[in-house]
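# Observations on the model geometry
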Amino acid sequence: MSSTIATRQRRFWLTSSFLVPIVSLGISAAQAQQTPPEQLPPIEITSPTDPNRTRAKPTYDEASTSRRVVPAAAPSTGTRPAAGTGSDVPSQNVSQGAGGSGGRQFSGIVGASATVITAEDIAHSPQQTLPEIIAQVPGVQLQSFFGGVNGAKTSVDLRGFGAFATNNTLFLLNGRRLNDVDKGGFDLSTIPLNSIERIEITRGNSGAVLYGDNAVGGVINIVTKNGVSGPPVAIKAEAGYGSFNQRMANVSAALNSGPWSTSFYGNGIKSDGYRVNNALDQRNGVGNINYTTPDLTAFLTVTGSDQKLGFPGGRFVDPSIGLNELVTSRKSAATPFDYGNQQTASATTGFTKTLVNGVDLIVDGGYRQRNTQSGFFGTVPFASPFISFSSTYNDAALQTWSITPRLSVKNAIFGLPSTILTGIDYYDSTFNQQRGAFKGVPPIHIYDITQQTLGGYWQHTIGLLPTTDFSYGARVQNTRVSARDRYDPTAPFAFDAQATPLDSSETQYALHVGAEHRFTNTFSVFGRAARAFRTPDVDERVASGPAFDPFFTPLAQNFKLKTQTSHDVEGGFRIKSGGFQMQSSIYNMDLENEIHFNPVLFYNVNLDPTRRYGSETSASLRVSDSVTLRGGMAYTRAVFREGAFAGNDVPLVSHYTGNAGVTWNIWQNYLVFDATVRAWSERMMDNDQANTQRRIPADATVDLKLSGAYEHFFWSLSVNNLFNALYYDYAIASTFTPGRFSAYPLPGRTYMVKAGATF
């Protein structure tokens, strides 16, 4: 009986969250004039002029009034905009951007739910960090540990993966993987905001066919500007000052001469941070060189970053002894000496050559390096009296080489418009970590792990009817891992065992099938089904297998974890009527062998089967030439399907999230007002799979921005968290003491003033 009631409740919430937005927002679309679909336009074959082409991106006929999508896997627009002009993605009746400008959009993989955030949306956003900007997309949740300064180390969660969000969201830069083989994850704060042309977000696991593992919750592709087709010289500079003694500066420059262009985008930030031991000192840069001719393009992109960040630790709460540091010492540090430094560098080069009309050869490859140094000293959160002399120093280096050749074939098949994208991905990563008690003393462990992945894929998109697109695809990928642990029992504070070696080779596959049908120029439906996988990262392997027996005797670890798999189904609709746009979908995701940390046994395990399901809706309405409204809501459930916690929530996932905003051009761009509201419901704390502890409270923030421009000068004033909400989005519950937990508080009200000029 209880299972029947639970099933009915699940269906009720899914149905209500899917239909309520239709009733509230679909009225204007229902009243729109409906015209019959137009005839199939011809396939347009153009020269490959976009070196940052992405694999999932379709081609549109922007000049045509037809709603007919011409399927393609890479853009074929004629030119790219000058630096700072925004996206070159043509408009269609698909998902709207987070800013809801209604102009330029992104369809992505046929059948999938997709959203684009344009450079214009970023410029208007009151939010100061890239994770917060992405969080305006329905269903996106955040986890912040270090005071939220510049968004450093903030995790972005697509579709409810909680503590393991970074492993289940695939990040791309100009269509190339950024996820590394360790748990360090990709830090969004290392990409200068002024370098971003658009952010393409494809939710769900269909992106695994084109990009490989980690694309379980979705894919976030960040496309940077490159200055191609801009003026001969363009320079932009900006400086700002804000709360916590934050100082920032942005600079960009682009040069164009004949087929050659070059550009640079850089930023720097320093801040004392919201809390003690929360200072940030960071510099980032992106540089491009591009060569563009009608039948050949080539590019070189170089990036670099240097980050120094203090780790303040959590604030302890234990009602049994009357302790609540969230109230008595919210800004203090539990770990006043912990820190993490990171240096990154990458170089990517490639070319696109038109072999024959409609057939492009795309070859690119690159090198990426990340060095990290971190020190952890001081407290054990749930010991008494919360003090320990334990210490760990990690020094790690990660290098990744890659090459990704592919063919894009855009020619009609049996008179039907068709695009085939097929290619090979090869990635070779080497990870070395020295882990000891202190800096400068012999390491206890030296981990050497290498991983090679070789994958081949095929994705075909075809227009079956003038109103119907269909796509299918598959990937086969082999992953080879070699792991070794050199253990020194004579090193200071050595007290464990050497891990057993691992040599493994595993072949996995991903599948996708999707369709979209346009009933009218106003209304269309879409759906998809897909399979994806995620291989364990090197940190998960290092912390796998039993470390101690029941008597806490050290045991040899074994590096072994099973590969996680997922099966998705999703369906939804899109509406576009004049200034009104809307997208809504429901989905179900079943996972096997989900990788998770067991806080009782202190090592990583494969969970019993789990499930994600929910709905996501976004909408925008252009009220007038000067006022645009936008909003979204999502219902997200992450539950255990089997095992001891069957029916319980996976920790760190809010059931409900929502956002709303307005952009009001008060006076001809001399004065523009932007406001956004982001709200979320309560969530279980990390480490509370039993769902018995108190929950992280629900909360909301309101952010405002006034900005303007006059001739070559521009300025802005932002106030974030206007009502000074004292919130946190991450907390971990005690394993041993009910009611005791450690939370990571985030800033209250903050401000930022910026001013700059273009030349």
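Keep in mind the model is a prediction, meaning the values are calculated, not measured. (Residues numbered from 1 in each chain as written. Predicted model: local features only at pLDDT ≥ 70, side-chain atom pairs only at ≥ 80, totals over all residues. Heavy atoms only, no water.)

### Some words on the sheet that holds strand 13 (residues 315-318)
Strand order in this open sheet of 4 strands is 14-13-35-34, and the pairing throughout is antiparallel. Looking along the sheet, the strands with just one partner apiece sit at the ends: strand 14 (323-324) and strand 34 (731-733). (Pairing = 2+ DSSP bridges. Helix = DSSP H or I, 4+ residues; strand = E, 2+ residues; numbered from the N terminus.)

### Brief notes about the pattern of salt bridges
For side chains bearing opposite charge, pairing can occur when the charged atoms are close. Tallied over the entire structure, the rule returns 27 salt bridges. A salt bridge links Arg198 to Glu197; its shortest N-O distance comes to 2.7 Å. Using a relative accessible area of 0% as the deciding quantity, one classes Arg198 as buried. When salt bridges that share partners are traced, they join Arg159, Arg203, Arg528, Asp568, Glu570 and Glu616 into one network. (Salt bridge = Lys/Arg side-chain N within 4 Å of Asp/Glu carboxyl O. Buried < 20%, exposed > 50% of the residue type's maximum accessible area, 1.4 Å probe, protein only.)

### Some details on a nonpolar patch on the surface
On the surface, Tyr241, Trp664, Ile666, Trp667, Tyr670, Leu706, Tyr710, Trp715, Leu717, Tyr751 and Val753 cluster together into a nonpolar patch covering about 1100 Å² of accessible area. Position of Trp715 relative to the elements: it lies in strand 33 (residues 713-720). In this structure Trp715 comes out as partly exposed when scored by relative accessible area, which is 37%. (Patch = residues over 30% accessible without salt bridge, like charges linked within 9 Å, V, L, I, M, F, W, Y side chains within 5 Å. Areas by Shrake-Rupley, 256 points an atom, 1.4 Å probe, with all protein chains shown as cover.)

### Digging into the pairing of strand 33
Side chains Phe714, Ser716, Ser718 and Asn720 project from strand 33 onto a buried face, and the interleaved Phe713, Trp715, Leu717 and Val719 project onto a face without burial. One ladder, built from 7 bridges, connects strand 32 (residues 699-710) with strand 33; its direction is antiparallel. Across the sheet, residue Leu704 finds its bridge partner in strand 33, namely Val719. In this antiparallel pair of consecutive strands, strand 32 and strand 33, the connection spans 2 residues, and Glu711 shows a positive phi of 55 degrees. With 8 bridges connecting them, strand 33 and strand 36 (residues 750-758) associate as antiparallel partners. The residue bridging Ser718 from the neighbouring strand is Met752, located in strand 36.

### Quick look at the sheet that holds strand 4 (residues 169-173)
Pairing between the strands of a sheet comes from backbone hydrogen bonds, and it takes one of two forms, parallel or antiparallel. An order of 1-6-7-4-5 is seen for the 5 strands of this open sheet, with the pairing classed as mixed. Strands at the two margins of the open sheet, each flanked by one partner only, are strand 1 (113-118) and strand 5 (176-177). Sheet topology places strand 6 (residues 196-203) next to strand 7 (residues 218-224); 7 bridges connect them, and they run antiparallel. For Ile196, the partnering residue across the bridge sits in strand 7 and is Thr224.

### Quick word on the nonpolar core
By size, the foremost hydrophobic cluster in this structure holds 22 residues, and its most contacted members are Ile134, Val156, Leu188, Ile199, Ile201, Ile220 and Ile222. Broken down by secondary-structure element, the contributors of at least two residues to this core are helix 4 (130-134), strand 2 (140-143), strand 3 (155-158), strand 4, strand 6 and strand 7. Excluding its chain neighbours within four sequence positions, the residues that come into contact with Ile220 are Ile134, Val156, Leu158, Thr169, Leu170, Phe171, Leu172, Ile199, Glu200 and Ile201. Judged by nonpolar contacts, the second largest core, of 15 residues, contains Ala208, Tyr211, Val219 and Phe533. (Core = buried A, V, L, I, M, F, W, Y, C linked by side-chain atoms within 4.5 Å. Contact = heavy atoms within 4.5 Å.)

### With respect to the side chain of Asp686
Within the secondary structure, Asp686 is located in the loop between strand 31 (671-680) and strand 32. The residues touching Asp686, leaving out its near neighbours within four places in the chain, are Ala163, Pro651, Leu652, Tyr730, Ala731, Ile732 and Ala733.

### Focus on unusual backbone geometry
Here the phi dihedral of Asn687 falls at roughly 80 degrees; this positive angle occurs in a residue that is not glycine. Relative to the elements of secondary structure, Asn687 occurs in the loop between strand 31 and strand 32. We note that Asn721 has phi near 55 degrees; this positive angle belongs to a residue other than glycine. Accessibility expressed as a relative area gives 5% for Asn721, which makes it buried.

### Looking at the pairing of strand 32
Bridge count for strand 31 against strand 32 is 9 bridges, and the pairing is antiparallel. Directly across from Ala679, in strand 32, lies its bridge partner Ala700.

### Observations regarding the packing of aromatic side chains
What the rule picks out here adds up to 17 aromatic pairs. With a centroid separation of 5.7 Å and 50 degrees between ring planes, the pair formed by Phe640 and Phe645 is classed as tilted. Among the aromatic residues, ring-to-ring pairing joins Phe145, Tyr730 and Tyr744 into one connected group. We note Arg159 situated over the ring of Tyr587; from NZ or CZ to the ring centre the distance is 3.9 Å. Over the aromatic face of Phe714 sits the side chain of Lys236, whose NZ or CZ is 5.1 Å from the ring centroid. (Phe/Tyr/Trp six-rings, centres within 6.5 Å; stacked < 30°, edge-to-face > 60°. Lys NZ or Arg CZ within 6 Å of the ring centre and 35° of its normal.)

### Details of the side chain of Ser374
Relative to the helices and strands, Ser374 resides in strand 16 (residues 359-377). Not counting the four nearest positions on each side in its chain, Ser374 is found in contact with Tyr339, Gly340, Thr392, Tyr393 and Asn394.

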